[in-house]
Amino acid sequence: MRSMRTHTALVLGVVLGGGITLTYGVLADKSSKPEALPLRDMQTFVEILNRVKTDYVEPVSDDALLEDAMRGMLAGLDPHSSYLNKEEFAEINVQTSGRFGGLGIEVQQFNGFVKVIAPIDDTPAARAGIQPGDLIIKIDDAPVKGMSLTEAVKKMRGEPGTRIVLTVAREGANEPLIFDMKRDIIAVSSVRSRMLEPGIAYLRVTTFSSSTGKGLADEFRKLKKAAPDGKLKGMVLDLRNNPGGVLNAAVEVTDAFIEKGTIVSIKGRVSDANREYNATPGDLLDGKPLVVLVNGGSASASEIVAGALQDSKRALLVGSKTFGKGSVQTILPLHNDSAIKLTTARYYTPSGRSIQAEGIGPDITIRPVKVSKAEAPAADALTEADLEGRLDGEQRPAETPEQAEQRKKAADEQQALVENDYALYEALNLLKGMIIVGSK
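Please read all numbers here as calculations on a predicted model, not as lab measurements.

Caption draft 1: Structural view of the overall build of the protein. For the protein, the helix and strand inventory stands at 10 helices and 21 strands. Expressed as a percentage of its 440 residues, the buried residues of the protein come to 43%. Sequence-distant contacts in the protein: of pairs separated by 6 or more residues, those separated by 24 or more amount to 70%. Total accessible area on the protein is roughly 24,100 Å²; 52% of this is exposed by carbon and sulfur atoms.

Okay, here's the thing in structure tokens:
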């Protein structure tokens, strides 16, 4: 994969985190002095602090009161800004390491509960049937209402092999759903691929980690080796339920398919937060048709890729509207080994769209549907070959047993795709149409 500009930006998208694009570091000192603190309001704050210390029904330490005050101040800004104590700050390194004990779901705080953004493929949560949009209302026997996101995450993580029961409220379900799961080591392989048909590739990116760029290049080599004459006709890029990840990885994946132009720009109130990422020459698909699958679980870095490919008219977006996470959080370390996670910027697609709380709409909408296998007809349909006195056509070579077996296998795979993943089936049909039009 071609080299990229260095910019350390992370999304807590590989654990029970928050689907948040993170940057690490300290913002440069501003040339202008900050406004003076309002003395009267500070006096009120100190008065409240003293009242709680002296009059609250139970004694509370100064550290606890001040930490709660800091948490409240940051939590009041937006859902993604927060205070991180020493333990929580250290936890970020675990969350972004790509290997940990847990369930494999991306979550955020929502009206006092914990909302699932997306389960990660091949993890306990995905295998159990957790879905984007589920509201976690109980963890084991503990109600989630009133818990901080950090507390809920801590309860859900644990030693591999230990059991946990999540009670979930799901839209359309008449009663809460119970999921009894076993924690596992979550070692996410962020890129997988296979051939859908000869020359037509499928590439799935589950999260954007520091190794995604290399994984993409490795999978492309495998796909080209498996394609007839080593050439691909087109590709389906699947970003469904991808909660985000490393910003540089999103830039690398986008750059793999476009030759030039802006990929994403980041703009904040502080000029030091402003950045723009541009494509470099080269297209791994050599301009062949590209269809991108997205849904409501596609968030943050996924939306960077989808928005850039859509704006540059390099790909056709298919599925449903994305999550709408378009802000950047910066980790600012503090003197006592704690830190604050502060929203410092928004990111914009090449056309200047901010997707914050808006999401990216697909070019073609495909609603989630479940297709069941139709019953076989009582009799085969009548064709010209069945008519008495018909004219015979020119004789073609008889089908060999091997050819018949291959034809049956392809038909069975097509039927399985329709039943198991209707959106992918439709994306494949759209891609095949694009390939036909392109060839003419």
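Don't stop here, the text continues.
Caption draft 2: Focus on the sheet that holds strand S13 (residues 200-205). Read from one edge to the other, the open sheet built from 6 strands follows the order S12-S13-S14-S17-S18-S21, with strand pairing classed as mixed. Every other strand in the sheet has two partners, leaving strand S12 (191-197) and strand S21 (364-365) as the edge strands with one partner each. Sheet topology note: the strand S14 (residues 234-238)/strand S17 (residues 290-294) ladder contains 4 bridges and is parallel. Residue pairing across strands places Leu237 opposite Val292, the latter belonging to S17. In the packing of helix H6 (residues 212-226) onto the sheet, contacts are made with S12, S13 and S14, and the angle to S12 comes to roughly 25°. Its contacts with the sheet place helix H10 (residues 422-439) against S12, S13, S14, S17, strand S18 (316-319) and S21, and it is angled at close to 160° to S17.

Caption draft 3: Local environment of the confidence of the model for the protein. In this model, the protein carries a mean pLDDT of 86, and residues with pLDDT of at least 70 account for 88%. Throughout residues 1-20 the model reports pLDDT below 50, and contacts reaching past four residues in sequence, or to other chains, amount to 99 contacts. Low pLDDT, under 50, characterises residues 25-31; the predicted model gives this stretch 10 contacts beyond four residues in sequence or across chains.

Caption draft 4: Spotlight on the packing of helix H7 (residues 247-255) against helix H8 (residues 301-311). It is the contact of H7 with H8, at a shortest axis distance of 9 Å, that shows an interaxial angle of 25°. On the basis of their axis angle, the class for H7 and H8 is roughly parallel. H7 and H8 meet at a crossing whose hand is right-handed. Between H7, through Leu247, Ala250, Val253 and Thr254, and H8, the contact on the second element is made entirely by Ala301, Ile304, Val305, Ala308 and Leu309.

Caption draft 5: Structural detail: the pattern of salt bridges. Tallying each qualifying case throughout the model produces 20 salt bridges. Notably, a salt bridge pairs Glu87 with Lys154, separated by 3.0 Å at the nearest N-O pair. On the criterion of sequence distance, the pair formed by Glu87 in helix H3 (residues 86-95) and Lys154 in helix H5 (residues 149-156) is long-range, its members being 67 residues apart. By relative accessible area, Glu87 is classed as partly exposed at 48%. Owing to a relative accessible area of 54%, Lys154 belongs among the exposed residues under this scheme. The residue Arg192 makes a salt bridge to Asp121 at a minimum N-O spacing of 3.3 Å. In this pair, Arg192 is assigned in strand S12 and Asp121 in the loop between strand S6 (113-119) and helix H4 (124-128), connecting sequence segments 71 residues apart. Judged by relative accessible area, which is 22%, Asp121 ranks as partly exposed. Three or more residues are tied together by salt bridges with common partners; here these are Asp121, Asp122, Arg192, Arg204, Asp238, Arg240 and Asp421.

Caption draft 6: Representation of H10 in the model. Given a rise of 1.5 Å per residue, 18 residues ought to cover 26 Å, and the 26 Å separating the end C-alpha atoms of H10 matches this to within 8%. Of the positions making up H10, those classed as buried are Ala423, Leu424, Tyr425, Ala427, Leu428, Leu431 and Ile435.

Caption draft 7: Inspection of the pairing of strand S19 (residues 327-333) at higher detail. A large share of S19 lies buried, amounting to 6 of its 7 residues. Bridging between S19 and strand S20 (residues 339-348) involves 7 bridges; their strand directions are antiparallel. When the sheet's bridge partners are listed, Leu332 is paired in S20 with Ile340. Between S19 and S20, which pair antiparallel and follow one another directly, the connecting turn spans 5 residues, one of which, Asp337, has a positive phi of 70°.

Caption draft 8: Representation of the packing of aromatic side chains within the structure. A full pass over the atoms with the stated rule returns 2 aromatic pairs. Residues Phe220 and Phe257 carry aromatic rings whose centres are separated by 6.0 Å and whose planes lie at 50° to one another, so their mutual orientation is tilted. On the criterion of sequence distance, the pair formed by Phe220 in helix H6 and Phe257 in the loop between H7 and strand S15 (262-268) is long-range, its members being 37 residues apart. The exposure class of Phe220 is buried, given its relative accessible area of 3%. Here the aromatic rings of Tyr422 and Tyr425 are separated by 6.1 Å at their centres, their planes lie at 35°, and the arrangement is tilted. Remark: Tyr425 and Tyr422 occur in helix H10; sequence separation between them is 3 residues, near one turn of the helix. Geometry around Phe110 places Lys115 over its ring, the cationic atom sitting 4.5 Å from the centre. Stacked on the ring of Tyr202, the Lys or Arg Arg194 has its end atom at 4.7 Å from the ring centre.

Caption draft 9: Local environment of the side chain of Arg204. Examined against the element boundaries, Arg204 turns out to sit in strand S13. For Arg204, the side chain forms a polar contact with the main-chain oxygen of Asp238, separated by 3.5 Å. The residues contacting Arg204, other than those within four sequence positions of it, are Asp121, Ser190, Val191, Arg192, Asp238, Leu239, Arg240 and Asn241.

Caption draft 10: Looking closely at a nonpolar patch on the surface. Together, Leu37, Met42, Phe45, Val46, Leu66, Met70 and Met73 give the surface a local cluster of nonpolar side chains, amounting to about 630 Å² of exposed area. For the nonpolar patch, the secondary structure elements donating two or more residues are helix H1 (39-55) and helix H2 (62-75). Here Leu66 is to be found in helix H2.

What counts and how
Residues numbered from 1 in each chain as written. Predicted model: local features only at pLDDT ≥ 70, side-chain atom pairs only at ≥ 80, totals over all residues. Heavy atoms only, no water. Helix = DSSP H or I, 4+ residues; strand = E, 2+ residues; numbered from the N terminus. Buried < 20%, exposed > 50% of the residue type's maximum accessible area, 1.4 Å probe, protein only. Contact = heavy atoms within 4.5 Å. Areas by Shrake-Rupley, 256 points an atom, 1.4 Å probe, with all protein chains shown as cover. Pairing = 2+ DSSP bridges. Axes fitted to C-alpha atoms, helices over the stretch in contact; angles between N-to-C directions. pLDDT = per-residue confidence, 0-100. Parallel < 35°, antiparallel > 145°, perpendicular 65-115°, else oblique. Left-handed = near helix turned anticlockwise from the far one by under 90°. Salt bridge = Lys/Arg side-chain N within 4 Å of Asp/Glu carboxyl O. Expected span 1.5 Å × (residues − 1). Phe/Tyr/Trp six-rings, centres within 6.5 Å; stacked < 30°, edge-to-face > 60°. Lys NZ or Arg CZ within 6 Å of the ring centre and 35° of its normal. Polar contact = N/O pair within 3.5 Å; in protein donor to acceptor, adjacent residues only side chain to side chain. Patch = residues over 30% accessible without salt bridge, like charges linked within 9 Å, V, L, I, M, F, W, Y side chains within 5 Å.

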